[in-house]
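Summary of the model geometry
Residue-level listing of the chains:
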Amino acid sequence: MSPTNPQMWRNWAGNQQASAQRVVTPRSTDEVASAVRQAAEDGLTVRMTGTGHSFTGAALTDGVRLAPGGLTGVRSIDTASRLVTVEAGLPLHRFNTLLDEHGLALANMGDIQEQTVSGALQTATHGTGRDAAGLVSQVAGLELVLSDGSVVTCSRDERPELFDAARAGLGALGVITAITWQTVPAFLLHAQEEPMRWDEVLSRLDEMATENEHFEFYWFPHTEGCLTKRNNRSEGPPDPLPRFKHWLDDQFLSNTVFDGINRITRRFPGIVPTVNGISAKALGARTYTDTSYKVFTSPRTVRFKEQEFAVPREHLIPALQELRSLFARKDWQISFPIEVRLLPPEDAWLSMAHGRDSAFIAVHVYHQNPHDEYFRGVEELMTEVGGRPHWGKMHTRDASYLETVYPKFNDFQALRDELDPDRRFANPYTTRVFGT
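Residues numbered from 1 in each chain as written. Predicted model: local features only at pLDDT ≥ 70, side-chain atom pairs only at ≥ 80, totals over all residues. Heavy atoms only, no water.

Thoughts on the pairing of strand β20 (residues 358–366)
Operational definition: Residue burial is assigned from relative accessible area. The probe radius is 1.4 Å, only protein chains are included, and a residue is buried under 20% of its type maximum, exposed over 50%, and partly exposed in between. Under the scheme used here, helices are H or I runs from DSSP no shorter than 4 residues and strands are E runs no shorter than 2 residues, and both carry numbers assigned from the N terminus. A pair of strands is considered paired only if DSSP assigns at least 2 bridges between the two.
Taken across its nine residues, β20 has nine buried, putting it largely inside the fold. Pairing analysis gives nine bridges linking strand β18 (residues 304–312) to β20, with the strands arranged antiparallel. Following the sheet pairing, proline 312 is matched in β20 by serine 358. Two elements, strand β19 (residues 338–343) and β20, share five bridges in a ladder whose sense is antiparallel. Residue pairing across strands places glutamate 339 opposite alanine 362, the latter belonging to β20.

Quick notes on the pairing of strand β8 (residues 83–87)
Buried residues dominate β8, accounting for four of its five residues. As defined by bridge partners, strand β7 (residues 74–78) adjoins β8 across four bridges and the pair is classed as antiparallel. Within the sheet, the bridge partner assigned to serine 76 lies in β8 and is threonine 85. In this antiparallel pair of consecutive strands, β7 and β8, the connection spans four residues, and arginine 82 shows a positive phi of 65°.

With respect to the environment of valine 86
Its location among the elements puts valine 86 in strand β8. Separated by 262 residues in the primary sequence, valine 86 and alanine 348 have C-alpha atoms spaced 20 Å apart.

So, the sheet that holds strand β16 (residues 225–234)
For clarity, the threshold we go by: Two residues form a contact once any of their heavy atoms are found within 4.5 Å. Helix axes are fitted only over the stretch in contact, all axes being lines through C-alpha atoms; the angle between N-to-C directions runs from 0 to 180 degrees.
Across the sheet, which stays open at both edges, the eight strands sit in the order β17-β14-β16-β15-β19-β20-β18-β21 with antiparallel pairing between neighbours. Of all the strands in the sheet, just β17 (286–291) and β21 (388–389) have a single pairing partner and so form its edges. Examined bridge by bridge, strand β15 (residues 214–219) and β16 share six bridges and lie antiparallel to one another. Residue tryptophan 219 lies in a different strand from β16, and its bridge partner there is cysteine 226. Those strands touched by helix α10 (residues 372–384) are β18, β19 and β20, and its axis lies near 10° from that of β18.

Some thoughts on the packing of aromatic side chains
Two aromatic rings are characterised by how far apart their centres lie and by the angle between their planes. Basically, it comes down to this: Two rings from Phe, Tyr or Trp (for Trp, the six-membered ring) form a pair when their centres are within 6.5 Å of each other. A pair whose planes differ by under 30 degrees is stacked, one over 60 is edge-to-face, and the rest are tilted. A positively charged side chain is recorded as over a ring if its NZ (Lys) or CZ (Arg) lies within 6 Å of the ring centre. The angle to the ring normal must also be within 35 degrees.
Scanning the entire structure with this criterion turns up 18 aromatic pairs. Ring centres of phenylalanine 215 and phenylalanine 217 lie 6.3 Å apart, and the angle between their planes is 35°; on these two criteria the pair is classed as tilted. Both residues of the pair, phenylalanine 215 and phenylalanine 217, belong to the buried class. Ring pairs connect the aromatic residues Trp198, Trp219, Phe327, Trp332, Tyr374 and Phe375, which therefore count as one cluster. Stacked on the ring of tyrosine 406, the Lys or Arg arginine 388 has its end atom at 4.8 Å from the ring centre. Arginine 397 extends its terminal NZ or CZ atom over the ring of tyrosine 401, reaching a point 5.1 Å from the ring centre.

Structural notes on the nonpolar core
For the record, the criterion: Each nonpolar core is a collection of buried residues, namely Ala, Val, Leu, Ile, Met, Phe, Trp, Tyr and Cys, held together in the definition by side-chain atoms within 4.5 Å.
Among the nonpolar cores identified, the biggest contains 67 residues, and Phe95, Leu142, Trp181 and Trp391 are the most heavily contacted of them. If sequence neighbours within four positions are ignored, tryptophan 181 has contacts with Arg82, Leu83, Val84, Val86, Phe95, Leu106, Val117, Leu121, Leu135, Gln138, Val139 and Ala140. Among the nonpolar cores identified, the runner-up in size contains 42 residues, and Phe309, Ile361, Tyr366 and Met394 belong to it.

A few points about unusual backbone geometry
When glycine is set aside, most residues are seen to have a negative phi, and most peptide bonds are trans. Going from glycine 236 to proline 237, the amide bond is cis rather than trans, its omega being 5°. Position of proline 237 relative to the elements: it lies in the loop between β16 and α6 (243–267). Not every positive phi belongs to a glycine, and histidine 222 is a case in point at roughly 75°. Examined against the element boundaries, histidine 222 turns out to sit in the loop between β15 and β16. For arginine 423, which is not glycine, the phi dihedral falls at a positive 55°. By the secondary structure assignment, arginine 423 is in the loop between α12 (409–419) and α13 (428–434).

Okay, here's the thing in structure tokens:
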């Protein structure tokens, strides 16, 4: 383990940055523990970064930054129990390939796979699912380094409170060094993507959510157009998109062309409604069947800023109707679609879906565009119905609000006081959301 020169770290969207006094790339759990103990001696805080796909300041530190690139090992794969233990810095895309090679898979995923496994887990990354929940619900065990440099493990049977708290702990309880995943047999997904009008989507929302294992939709602001996505398990055979069709739809149109559109609408925002109308009408229906992670995830090269809230499922339609009415009252010109996903209840203390059926509403802006007014208006709407902000996406909520929407929030705070009384793992973001 050797520290490098201090350097500036920026997240993927470019809206967060910090310069650490010391940057260390540990290559083992022991080296992480050593770095934590040394930081304590020097009076410095410690944070481990991922690949920077969070939009909040969750990973920032001006103390010791632990880079994840040395912790990418695969510790064990048990195809009988389907338990797989990997180190914290392994990227999800490599993890998915590894699992597929052994006939295994994650039961559900978000829509990108560039994050480290630990970074995705610690911010409670989720997908959309009727039965299968997010990443925190697919973990069987954790290894982490505490603020005194000790190494502990936890699971549902061993230190269960720590397990329930640390699965979505934002690194505030300790540095995750390895994760044991409960995987499932590899499976195919049949994807059905279909444009629909706003009124039809809302009138059929309960039907489509009930009848499909994974349902989500996108609404193009300023239009009546939506794109629905329904993914269900298939016995096969595989029928993936032709290579050219995949490149055309998912690389060229969804990324290259969309980036160009956003560059133009940034200069001429008044054309956004017209452009969105064209985009919504240009989308065609398509179906294909492929390996699960290839259906769950898509390439995302257009940089953006994002805010997402999880609201109680019963408030979804009223919240969407009110959100649409805000567009009629506000002078917003938004080129990015609004994404809606669903998730069953989860038991991790700080999962956004803890204890309730949840609907996730995500809003985005181009990374160079202003976001304050738009995100503030959406946040006000979401918090009126008890919305919980995604830990890795932009919001202004603090501990005084969050303790009102998380039943186990005070338990988390008490455990943090016990495990990290000196706030070795604190930064301005964790201080805001968890309190001092």
